[in-house]
Amino acid sequence: QGQLVESGGGLVHPGGSLRLSCAASGRSFSTYNMGWFRQAPGKGREFAAQITWRGGRTDYADSVKGRFTISRDNAKNTVYLQMNSLKPEDTAVYYCAARLGDYTDWTYWGQGTQVTVSS
């Protein structure tokens, strides 16, 4: 049974940066697509970014494109989300997720890490 654990969240000023990490355990996720989602207060969970299992393709929501970068290290079973030029509207709980391929459900989810962007 696989588990995903996010870390790296916190409080940051507008324009600042944070790097989130998602450590996978219990199984290898090297053949899984990995994604980041977020949920702002009072809103539904939304897609932010994903990376294919080989890392050959990345996809981003328009709201984060050009500011966020997703990457992975399969040897460490870890996925990262580098977030730059953060805005107050990026405030949310960020979740890591995993799925096999592009057309299956996101099967594994982490517990989330809080990111707050405020002056």
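Right above here is the structure, for reference.
Residues numbered from 1 in each chain as written. Predicted model: local features only at pLDDT ≥ 70, side-chain atom pairs only at ≥ 80, totals over all residues. Heavy atoms only, no water.

Colleague: Could you give an account of the environment of Asp 102, naming the residues involved and the relevant values?
Modeller: Structurally, the position occupied by Asp 102 is in the loop between strand 9 (92-99) and strand 10 (108-109). Assessed through its relative accessible area of 25%, Asp 102 is described here as partly exposed. When the C-alpha positions of Asp 102 and Gln 50 are compared, they lie 9.8 Å apart, and in sequence the two are 52 residues distant. For Asp 102, the contacting residues outside a window of four places in its chain are Asn 33, Gln 50 and Arg 57. Here the side chain of Asp 102 touches Asn 33 through a polar contact of 2.8 Å, side chain to side chain. A distance of 3.1 Å separates the side chain of Asp 102 from the side chain of Arg 57, its partner in a polar contact. (Helix = DSSP H or I, 4+ residues; strand = E, 2+ residues; numbered from the N terminus. Buried < 20%, exposed > 50% of the residue type's maximum accessible area, 1.4 Å probe, protein only. Contact = heavy atoms within 4.5 Å. Polar contact = N/O pair within 3.5 Å; in protein donor to acceptor, adjacent residues only side chain to side chain.)

Colleague: Please set out the pattern of salt bridges residue by residue, giving values where relevant.
Modeller: Under the defined criterion, the tally for this structure stands at six salt bridges. Of the charged contacts, one joins Asp 102 and Arg 57 as a salt bridge, the two residues approaching to 3.1 Å between their closest N and O atoms. Linking Asp 102 in the loop between strand 9 and strand 10 with Arg 57 in the loop between strand 5 (45-51) and strand 6 (58-60), this pair joins segments that are 45 residues apart in sequence. When its relative accessible area of 33% is taken as the criterion, Arg 57 is described as partly exposed. One salt bridge in this structure joins Arg 67 and Asp 90, with 2.7 Å as the shortest N-O distance. (Salt bridge = Lys/Arg side-chain N within 4 Å of Asp/Glu carboxyl O.)

Colleague: Give a description of the sheet that holds strand 3 (residues 18-25) that names residues and reports values.
Modeller: Strand order in the open sheet formed by four strands is 1-3-8-7, with antiparallel pairing between adjacent strands. Each edge of the open sheet carries a strand with a single partner, namely strand 1 (3-7) and strand 7 (68-73). Sheet twist, expressed as the mean angle between neighbouring strand axes with direction ignored, is 15°. (Pairing = 2+ DSSP bridges. Axes fitted to C-alpha atoms, helices over the stretch in contact; angles between N-to-C directions.)

Colleague: An account of the nonpolar core is needed here, citing residue identities and associated values.
Modeller: Within the largest apolar cluster, 30 residues are counted, with the highest numbers of intra-cluster contacts made by Leu 4, Met 34, Trp 36, Leu 81, Met 83 and Tyr 94. Of all the secondary structure elements, the ones that give two or more residues to this core are strand 3, strand 4 (33-39), strand 5, strand 7, strand 8 (78-83), strand 9 and strand 11 (113-117). Beyond its immediate stretch of four places on either side in the chain, Leu 81 contacts Leu 18, Arg 19, Leu 20, Trp 36, Ala 49, Phe 68, Thr 69, Ile 70 and Tyr 94. (Core = buried A, V, L, I, M, F, W, Y, C linked by side-chain atoms within 4.5 Å.)

Colleague: Talk me through the state of the cysteines; I want residue IDs and the actual numbers.
Modeller: If you walk through the whole model with that rule in mind, you get one disulfide. Two residues, Cys 22 and Cys 96, share a disulfide whose sulfurs are 2.1 Å apart. Negative torsions about the S-S bond denote left-handed disulfides, and the value of about -80° found for Cys 22 with Cys 96 makes this one left-handed. In this pair, Cys 22 sits in strand 3 while Cys 96 sits in strand 9, placing the two residues 74 residues apart along the sequence. Per residue, the accessibility class of Cys 22 equals that of Cys 96, and both read buried. (Disulfide = S-S within 2.5 Å.)

Colleague: How would you explain the pairing of strand 1 if you had to name every residue and give the values?
Modeller: Each regular strand carries side chains that alternate between the two faces of the sheet. Residues Leu 4 and Glu 6 point to one face of strand 1 and are all buried, whereas Gln 3, Val 5 and Ser 7, pointing to the other face, are not buried. Judged from the five bridges that link them, strand 1 and strand 3 form a sheet pairing that is antiparallel. Bridging from a neighbouring strand, Glu 6 pairs with Cys 22 of strand 3.

Colleague: Break down empty space enclosed by the protein for me, citing the residues and quoting the values.
Modeller: Under the criterion given, the structure shown has one cavity of 30 Å³ or more. In this model, the largest cavity occupies a volume close to 40 Å³. Ala 24, Phe 29, Met 34, Arg 72, Asp 73, Asn 74, Asn 77, Thr 78 and Val 79 together form the lining of the largest cavity. Contributing elements (two or more residues each) for the lining of the largest cavity: strand 7 and strand 8. (1 Å grid on protein atoms, 1.4 Å probe; cavity = no way out; pocket = protein on both sides within 12 Å on 5 of 7 lines; lining within 4 Å. Points joined across faces, edges and corners; volume = space filled by probe spheres on them.)

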